[in-house]
Structure formats: C-alpha cells, structure tokens
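A look at the structure
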Amino acid sequence: MQVRGTPGDWSHNIKQIGMFIFAGSNAEQVFFVTREYHTYMKSDGRISMAGLSSRTVPHLADVMHDVVTRRV
C-alpha cells in the first residue's frame, strides 16, 4: 500500500496477529470490491490471510488502492 501511495495508515495490517485482518473497509467498499474485482471478504472488511499468497497480495493491494482513491 505504501509503494502504491495509497492514502491512510495501513500499519494495522502488519500489526495484526492471526488468520484474519481487518482491512478497514465499509460495507459499500466491500460490495464494490466484490462486484468489480471478484475479491471476497466479510461485509465488515475482514479478510482471510489463509486465502492470500505472494501471487495474490499485489492484486489485493491494487484493489484496495483503487477503492480508497476512488473514495467508494
């Protein structure tokens, strides 16, 4: 997220422990992500870390950058 220049503080993503992280997305943003990118998470923005890999993390970062910069 920092490399992409995504606005906001994303440090909570690396500080969380466990199989899930909270992306900080609201329900409208989650709906947009699901509809536009077919990226799935709980409506509260919870993402399963077990579903990510070194191949899919850059895609998720691109998706989150788009959501934040579009102000969805």
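The structure displayed is predicted, hence computed values, not measured ones. (Residues numbered from 1 in each chain as written. Predicted model: local features only at pLDDT ≥ 70, side-chain atom pairs only at ≥ 80, totals over all residues. Heavy atoms only, no water.)

1. Notes on the confidence of the model for the protein
Per-residue confidence for the protein gives a mean pLDDT of 89; residues scoring 70 or more make up 99%. Per-element confidence in the protein is highest for helix H2 (residues 27-37), whose mean pLDDT is 94, and lowest for helix H1 (residues 12-15), whose mean pLDDT is 80. (pLDDT = per-residue confidence, 0-100. Helix = DSSP H or I, 4+ residues; strand = E, 2+ residues; numbered from the N terminus.)

2. Overview of H2
Of the residues making up H2, those classed as buried are Gln29, Val30, Phe32 and Val33. Relative to the axis of H2, the buried residues are bounded by an arc of 160° and lie together on one face. Along H2, the residues that are exposed and aim more than 90 degrees away from the buried face are Glu28 and Phe31. Those residues of H2 that are buried are in contact with helix H3 (57-70). Of the residues flanking the start of H2, the one acting as N-cap is Asn26, its side-chain oxygen 3.0 Å from the backbone nitrogen of Glu28. Of the residues trailing H2, His38 is marked for its positive phi of about 55°. (Buried < 20%, exposed > 50% of the residue type's maximum accessible area, 1.4 Å probe, protein only. Arc of directions from axis to C-beta. Contact = heavy atoms within 4.5 Å. Polar contact = N/O pair within 3.5 Å; in protein donor to acceptor, adjacent residues only side chain to side chain.)

3. As for the layout of surface pockets
Taken as a whole, the largest pocket encloses approximately 390 Å³ of empty space. Met1, Trp10, Asn13, Ile14 and Ile21 are the residues nearest the centre of the largest pocket, which is lined by 19 residues in total. Listed by contribution, the elements that provide at least two residues to the lining of the largest pocket are H1 and H3. The leading source of residues in the lining of the largest pocket is H3, at 5 residues. Considered class by class, the residues forming the lining of the largest pocket number 13 nonpolar, 4 polar and 2 charged. (1 Å grid on protein atoms, 1.4 Å probe; cavity = no way out; pocket = protein on both sides within 12 Å on 5 of 7 lines; lining within 4 Å. Points joined across faces, edges and corners; volume = space filled by probe spheres on them. Nonpolar A, V, L, I, M, F, W, Y, C, P; charged D, E, K, R; others polar.)

4. Observations concerning unusual backbone geometry
The backbone of His38 sits at a positive phi, close to 55°, despite the residue not being glycine. Within the fold, His38 resides in the loop between H2 and strand S2 (46-48). Residue classification places His38 among the exposed positions, given a relative accessible area of 55%.

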